[in-house]
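Per-entry structural report
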Amino acid sequence: MLDVRVALITGCGKSDGVGQAIARRLSDDGFAVVVTDREPGGVRNQGDADAAPGSGIDVFVASLEAEGRTAVALVGDIGDPADVTRMLETVDERFGRLDVLVNNAAAPQGPDRADIGELSLEAWNELIRVNLTGTFLMCQAGVALMRRGRYGRIINISSMAAITAAPRSVPYSAAKAGILGLTRALSMDVARWGITVNAIAPGLVGTSRSMLGRRDTDREEHLRASARKVAVGKVGMPVDIANAVAFFADERTSHVTAQTMQIDGGGNSSFPLSGPDDGDDAGEGR
């Protein structure tokens, strides 16, 4: 066993994803990181290309180890109780502790992105099983280790789709909204053990998932067009979410719990947004 702070991050298979950005940031902060995914290279969304060379949790862990960092890769389905038990037992055997749990994994998208009249029960069940039940199972198993150490930080990745209206996303929005309720309720159950529970609700983030249903669209142009509707003038990037996770994971945030941080650059706007080159009256009556 190593006397080092340990963080477990789910959903780390894709090299351009939020999971690997979170794991690298926590590794930068001195954590030993345990990275997981259902498949080594992450589960593809409908219409995704094959995994890019150099992606996958094994490759990612090898890159961290080459820099002298401590990292472990585990394959498992967060919606499967047996897999969850196995992964947390591995963490306990290897490190004897768990300081930070980041529930980032989410079910692949595609069949769920349908009008409710066309939505299958199978698509609904899979989104709820992974996104909501999976988060519950990981929290339940993680809390057992954290209570033993009387310390912990749980950060659940929700979505702005849990807060604002989003078309053709009933199961996704429902599951992500459920995560917010789970976060608030769980924070009350574990606060006296020195465990905080918080959530992050990202808006559009520039990952492969942002291109769902846009296979014939240039990715950079899509992101530029989306950025024009965001107050700060850019879409979010994985590092933006990672920096928010680092805040909640810090030992000094012991008085911050049951909160949801919205990371959306000021939100999407249907109105023209002023910029520095719009003249002296920029922002007035526009």
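**Focus on the sheet that holds strand β3 (residues 71–75)**
The sheet built from seven strands is open, its strands ordered β3-β2-β1-β4-β5-β6-β7 with parallel pairing. Bordering the open sheet on either side are β3 and β7 (260–263), each of which pairs with just one other strand. In this sheet, adjacent strand axes meet at a mean angle of 15 degrees when their direction is disregarded. Of the strand pairs in this sheet, strand β2 (residues 32–37) and β3 are connected by five bridges, and their pairing is parallel. Looking at β3, one finds that V34 is bridged to V72. Running over the sheet, helix α2 (residues 57–66) touches β2 and β3 and is turned about 170 degrees from β3. Strands in contact with helix α3 (residues 81–95) are β1 (6–9), β2 and β3; relative to β3, the strand with the most contacts, it is inclined by about 155 degrees.

**Description of the side chain of Q20**
For Q20, the location among the structural elements is in helix α1 (residues 18–28). On the basis of relative accessible area, Q20 is assigned to the buried category, the value being 9%. For Q20, the contacting residues outside a window of four places in its chain are C12, G13, K14, S15, G56 and F60.

**Quick notes on helix α5 (residues 170–190)**
Its 21 residues give α5 an end-to-end C-alpha distance of 30 Å, which sits within 8% of 30 Å, the value for a rise of 1.5 Å per residue. For α5, the complete set of buried residues consists of P171, Y172, S173, A175, K176, I179, L180, L182, T183, L186, S187 and V190. Buried positions along α5 lie against α4 (121–149), β5 (152–157), β6 (195–202) and β7.

**A word on the nonpolar core**
Ranked by size, the top nonpolar core spans 32 residues in total, and within it L8, V34, V91, L98, M138, I154 and L186 carry the most contacts. Among the elements of the structure, β1, β2, β3, α3, α4, α5 and β6 are those that each provide at least two residues to this core. Beyond its immediate stretch of four places on either side in the chain, M138 contacts L8, T10, I78, V84, M87, L88, L101 and N103. With 28 residues, the next largest nonpolar core counts A7, A71, V245 and A249 among its residues.

**Digging into the packing of α1 against helix α7 (residues 238–249)**
At a minimum axis distance of 8 Å, the contact between α1 and α7 shows a crossing angle of 45 degrees. One finds that α1 runs oblique with respect to α7. Pair α1 / α7 crosses with right-handed handedness. Of the residues in α7, those in contact with V18, A21, I22, R25 and L26 of α1 are P238, V239, I241, A242, N243, V245, A246 and A249.

The rules we used
- Residues numbered from 1 in each chain as written.
- Predicted model: local features only at pLDDT ≥ 70, side-chain atom pairs only at ≥ 80, totals over all residues.
- Heavy atoms only, no water.
- Pairing = 2+ DSSP bridges.
- Helix = DSSP H or I, 4+ residues; strand = E, 2+ residues; numbered from the N terminus.
- Axes fitted to C-alpha atoms, helices over the stretch in contact; angles between N-to-C directions.
- Contact = heavy atoms within 4.5 Å.
- Buried < 20%, exposed > 50% of the residue type's maximum accessible area, 1.4 Å probe, protein only.
- Expected span 1.5 Å × (residues − 1).
- Core = buried A, V, L, I, M, F, W, Y, C linked by side-chain atoms within 4.5 Å.
- Parallel < 35°, antiparallel > 145°, perpendicular 65-115°, else oblique.
- Left-handed = near helix turned anticlockwise from the far one by under 90°.

Any functional reading would require information that these geometric values do not contain.
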